[in-house]
Amino acid sequence: MTLPSPVPFGRFFLPGPTAVRPEIMQAMQQPIIPHRGPAMAEIFRQMQPSLRRIFRTEQPVMLATCSGTGLMEAAIRGGVRRRVLVAIGGTFGERFADIAEACDKEVVRLMVPPGHTVEADHLARFLDSPPVDAVALVHSESSTGALAPLEELARVVERRPDLVLLVDAVSSLGGVPIETDAWGLDFVFTASQKALALPPGLALAAASPRFLDRARQVEDRGWYLDPVRLAEAAIAGQPTHTPAIPQIYALARQLRDIDAEGMEARWQRHREMALVVEQWLVGRPELALLASEGRRSWTVSAIRLPPGIDAREVVTGLAGRGWVAAAGIGELAGSVLRIGHMGDHQVEELEGLLGAIEEEIDRVRSAAL
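What counts as what
- Residues numbered from 1 in each chain as written.
- Predicted model: local features only at pLDDT ≥ 70, side-chain atom pairs only at ≥ 80, totals over all residues.
- Heavy atoms only, no water.
- Buried < 20%, exposed > 50% of the residue type's maximum accessible area, 1.4 Å probe, protein only.
- Helix = DSSP H or I, 4+ residues; strand = E, 2+ residues; numbered from the N terminus.
- Arc of directions from axis to C-beta.
- Contact = heavy atoms within 4.5 Å.
- Polar contact = N/O pair within 3.5 Å; in protein donor to acceptor, adjacent residues only side chain to side chain.
- Phe/Tyr/Trp six-rings, centres within 6.5 Å; stacked < 30°, edge-to-face > 60°.
- Pairing = 2+ DSSP bridges.
- Axes fitted to C-alpha atoms, helices over the stretch in contact; angles between N-to-C directions.
- Parallel < 35°, antiparallel > 145°, perpendicular 65-115°, else oblique.
- Left-handed = near helix turned anticlockwise from the far one by under 90°.
- Nonpolar A, V, L, I, M, F, W, Y, C, P; charged D, E, K, R; others polar.

(A) Geometry of helix 11 (residues 311-320). Here helix 11 has its buried residues at Ala 311, Val 314, Val 315, Gly 317 and Leu 318. Relative to the axis of helix 11, the buried residues are bounded by an arc of 165° and lie together on one face. Opposite the buried face of helix 11, at more than 90 degrees from it, the exposed residues are Thr 316 and Gly 320. Buried residues in helix 11 make contact with strand 12 (326-327), strand 13 (336-340) and helix 12 (347-368). With a side-chain oxygen positioned 2.8 Å from the backbone nitrogen of Arg 312, the residue opening helix 11 is Asp 310.

(B) Focus on the packing of aromatic side chains. Using the criterion set out here, one finds 4 aromatic pairs in the structure. Measuring from ring centre to ring centre gives 6.4 Å for Phe 13 and Trp 323, while their planes differ by 35°; the resulting arrangement is tilted. Residue Phe 13 is found in the segment before helix 1 (22-27), and its partner Trp 323 is found in the loop between helix 11 and strand 12; the two are separated by 310 residues along the sequence. Trp 323 shares its class with Phe 13; the two are buried.

(C) A look at the sheet that holds strand 10 (residues 288-289). As summarised here, the arrangement of the 4 strands in space is 10-11-13-12, forming an open sheet in which the pairing is antiparallel. Every interior strand has two partners, whereas the edge strands, strand 10 and strand 12, have only one. Two elements, strand 10 and strand 11 (residues 300-304), share 2 bridges in a ladder whose sense is antiparallel. The residue bridging Leu 289 from the neighbouring strand is Ile 303, located in strand 11.

(D) Up close: the pairing of strand 9 (residues 203-207). With respect to burial, strand 9 is a largely interior element, 5 of its 5 residues being buried. Taking every second residue as pointing to the same face, both faces of strand 9 are buried, with Ala 203, Ala 205 and Ala 207 on one and Leu 204 and Ala 206 on the other. Of the pairings in the sheet, the one linking strand 1 (residues 61-64) to strand 9 comprises 4 bridges and is antiparallel in character. Across the sheet, the residue bridging to Leu 63 is Leu 204, located in strand 9. In this sheet, strand 9 lies alongside strand 8 (residues 187-191) in antiparallel orientation, the contact comprising 5 bridges. Considered in strand 9, the bridge of Thr 190 is made with Leu 204.

(E) Main features of the packing of helix 2 (residues 38-55) against helix 9 (residues 245-261). Helix 9 packs onto helix 2 with a crossing angle of 45° between their chain directions and a minimal axis gap of 10 Å. If you check the angle between helix 2 and helix 9, you find them oblique. Between helix 2 and helix 9 lies a crossing of left-handed hand. Mapping the contact onto sequence places Met 40, Ile 43, Phe 44, Met 47, Ser 50, Leu 51, Arg 53 and Ile 54 in helix 2 and Ile 245, Ile 248, Tyr 249, Leu 251, Ala 252, Leu 255, Ile 258 and Asp 259 in helix 9. In terms of residue class, the contact of helix 2 with helix 9 is made up of 13 nonpolar, 1 polar and 2 charged.

On their own, these measurements won't tell you what the molecule is for.
Below you can see the structure in the form of C-alpha cells.
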C-alpha cells in the first residue's frame, strides 16, 4: 500500500485533525507501560492540574480512548432523562440530535441556517414548550465556522434548574475562551485532534456535580462511556480501560507546552489567526465568510466561494502545491472552503496558505474560461 507523502508542519490546515508538531509525535515513541501501574497513575496525576486549567474547572477532567463523538454519546446517555433540545446550525449539531434519537431519547430540534447560531432570546422562547430536561449545542460548528454565544446561552439554561447543558467543544476548547465552572456548564467535551493539536484518539470532558447526580439516576447510560465511571476514574487517577498509551504520552508533553504558553496567550493567538482571515477577505468581495459577523469561530473559517469556483478543485490544487485545507460538508461541499487555524499554527503559516488559496482560485477561474 502506498501512503500519501507527509505534509510538513505549518502547511496542514484541516479543520480536524489538525497538524501535530514533530516533537509531539516523538513523545509517542516511549515504551508501553502497564496501564494499571504506578507510572501511569503518576502521569494521570500530573496531567490533572493542566487539564483543569484548560477546561477552567475545579472538577476532575475525564479521559476516554475514543473520538469526540464517543463523549457526545456519553453526554446524551448520562444527561438526558427523556427529551433534549438540540440547537442545530450544521453537521455536528445534527449529529448530536441523531445520537440522541439513536439512544431512544426524544429530540426537539432548534434549527438555524448554516453560518448562524442560536441566540439567547431564541433559546428562551423554545424552552417554554414542549418541556425538555436537557439542552445540547455545538460551541464551534466546524462545518460552518460559526461560534455560538455560549456564555449567553448558558445564562438562559441556568434560569431553569431542571435543565442540564451539554456542550460540544470539540473544535473550540483550547482555542476559544470557555469557562466551564463560571458559566455553569454541565458537561463539556472535546477531542485531542483539534485545538489541543494532538493525534486523534483521545476525548476529554468535565462534568458538573449536578450532571453526575443526574447520571447516577439514569439506568441506560451504557458501560464503556459511562460518565460516572469516567469521573470516578479521573478522581482515582487511573484509566477506566486500556487507554491509548502513546496518545497519553503526547498529551502529557503537549500540556507542558500549553502551560508554558498560557491559556490567555493561546486564546489570543487563535483570535489573531481568525482576524487575519477576516482582514484578508476585506479586499475580496467575491469571497465571504459563511458565519455571520460577531459569530465567527476563532479556530475554523468557512469561506463561501463565488459561483463557478468549486471548493473541491481548489482543495485539489492546494494539495498539489503542498498545502492541505478542506471543502465543505454535504450540500456545502462545492461552495465552501474550510480552514482549520487551530492548535499550534502561527499567523505567518496561515498567511502563506491564504496566498496559495488566492492563486488557486485564480487558476480554477481561468481554467473555466
